[in-house]
Amino acid sequence: PSIVQSGIAGTDELIAFAAQSESSEARSALAGALAAQGGPEAERVLDALSRDSDSNVQNAAVYALANVGSRESVNRLLEIASSGDSQARSTAISMIANTGDPRASTVLADAIRSGDSQLARRAVYGSHGGGPEVESALFALVENESADSQLRRAAADMLRQRGAEIGTEFLETAASGG
């Protein structure tokens, strides 16, 4: 068991020390340990770490929140995926697709439409279980001739996997040089 799980005397003090440490490595390591612990107190600290000024700490907290998987942690992931720091937002987009939360489809569709290629790419690759709004965003991306060609191909491939003919047609046309 981790030090957090073992109930060792002084655990709360250790958590407080790491959370307030100037070392981003210590704060990132804390996020990983808290993911294993779970529970309201861990989520409270992870929420704070997800707002850290260091992007590596934010990312570690996003991964940890996804591993906790509680309603509160998913709410925070959705919040980050909708408006967080660019790197943390991109990571959260990747993570929310696997939460099973129905609100994830709206966030994924918004990311696909965002105009940010990195964010859209993460959302496209995570959109396998998305609802109709995701499919609509994928269609729009495939039809957007000014969009990045690799991103359009990824969207077409996802549509093909979902059984949409436009995905297959686009990929066949692209393969033939058209």
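Residues numbered from 1 in each chain as written. Predicted model: local features only at pLDDT ≥ 70, side-chain atom pairs only at ≥ 80, totals over all residues. Heavy atoms only, no water.

Examining the overall build of the chain
And step 1. Counting its regular elements, the chain contains eleven helices and zero strands.
And step 2. Along the chain direction, N to C, the helices and strands of the chain fall in the order α-α-α-α-α-α-α-α-α-α-α.
And step 3. Looking at the 178 residues of the chain, the share that counts as buried comes to 43%.
And step 4. Restricting to contacts in the chain with at least 6 residues of sequence separation, those with at least 24 account for 49%.
And step 5. Just so you have it, the chain exposes about 9,100 Å², and 48% of that area is on carbon and sulfur atoms. (Helix = DSSP H or I, 4+ residues; strand = E, 2+ residues; numbered from the N terminus. Buried < 20%, exposed > 50% of the residue type's maximum accessible area, 1.4 Å probe, protein only. Contact = heavy atoms within 4.5 Å. Areas by Shrake-Rupley, 256 points an atom, 1.4 Å probe, with all protein chains shown as cover.)

Examining the side chain of Thr 91
And step 1. Inspection of the secondary structure puts Thr 91 in helix α6 (residues 86-96).
And step 2. Given a relative accessible area of 4%, Thr 91 falls into the buried group.
And step 3. Setting aside residues up to four positions removed in sequence, Thr 91 forms contacts with Asn 59, Val 62, Tyr 63 and Arg 122.

Digging into the layout of surface pockets
And step 1. Counted as a void, the largest pocket has a volume near 170 Å³.
And step 2. Taken together, 14 residues form the lining of the largest pocket, with Ile 112, Gly 115, Leu 141, Asn 144 and Ala 147 sitting closest to its centre.
And step 3. At the level of secondary structure, the elements contributing two or more residues to the lining of the largest pocket comprise α7 (104-113), α8 (117-125) and α9 (132-143).
And step 4. Considering every element that reaches the lining of the largest pocket, the biggest residue donor is α9, with three residues.
And step 5. Class assignment for the residues of the lining of the largest pocket results in seven nonpolar, four polar and three charged. (1 Å grid on protein atoms, 1.4 Å probe; cavity = no way out; pocket = protein on both sides within 12 Å on 5 of 7 lines; lining within 4 Å. Points joined across faces, edges and corners; volume = space filled by probe spheres on them. Nonpolar A, V, L, I, M, F, W, Y, C, P; charged D, E, K, R; others polar.)

Considering the environment of Gln 20
And step 1. As for its placement among the helices and strands, Gln 20 is situated in the loop between α1 (11-19) and α2 (24-37).
And step 2. On the accessibility criterion, Gln 20 (68% relative accessible area) is exposed.
And step 3. Note: C-alpha distance between Gln 20 and Leu 49 (29 residues apart in sequence) is 9.8 Å.

Some points on the nonpolar core
And step 1. Core analysis: the biggest nonpolar cluster contains 51 residues, and Leu 46, Leu 49, Ile 93, Ile 96, Ile 112, Val 124 and Leu 138 have the highest contact counts within it.
And step 2. Beyond its immediate sequence surroundings of up to four residues, Ile 93 is in contact with Ala 81, Val 107, Leu 108, Ala 111, Leu 119, Arg 122 and Ala 123. (Core = buried A, V, L, I, M, F, W, Y, C linked by side-chain atoms within 4.5 Å.)

Considering the packing of α2 against helix α4 (residues 55-68)
And step 1. Running from N to C, α2 and α4 cross one another at 5°; their axes reach a closest spacing of 8 Å. Here α2 lies roughly parallel to α4, going by the angle between them. Seen from α2, the contacting residues are Ser 24, Arg 27, Ser 28, Ala 31, Leu 34 and Ala 35; seen from α4, they are Asn 56, Val 57, Ala 60, Ala 61, Ala 64, Asn 67 and Val 68.
And step 2. By residue class, the composition of the contact of α2 with α4 is eight nonpolar, four polar and one charged. (Axes fitted to C-alpha atoms, helices over the stretch in contact; angles between N-to-C directions. Parallel < 35°, antiparallel > 145°, perpendicular 65-115°, else oblique.)

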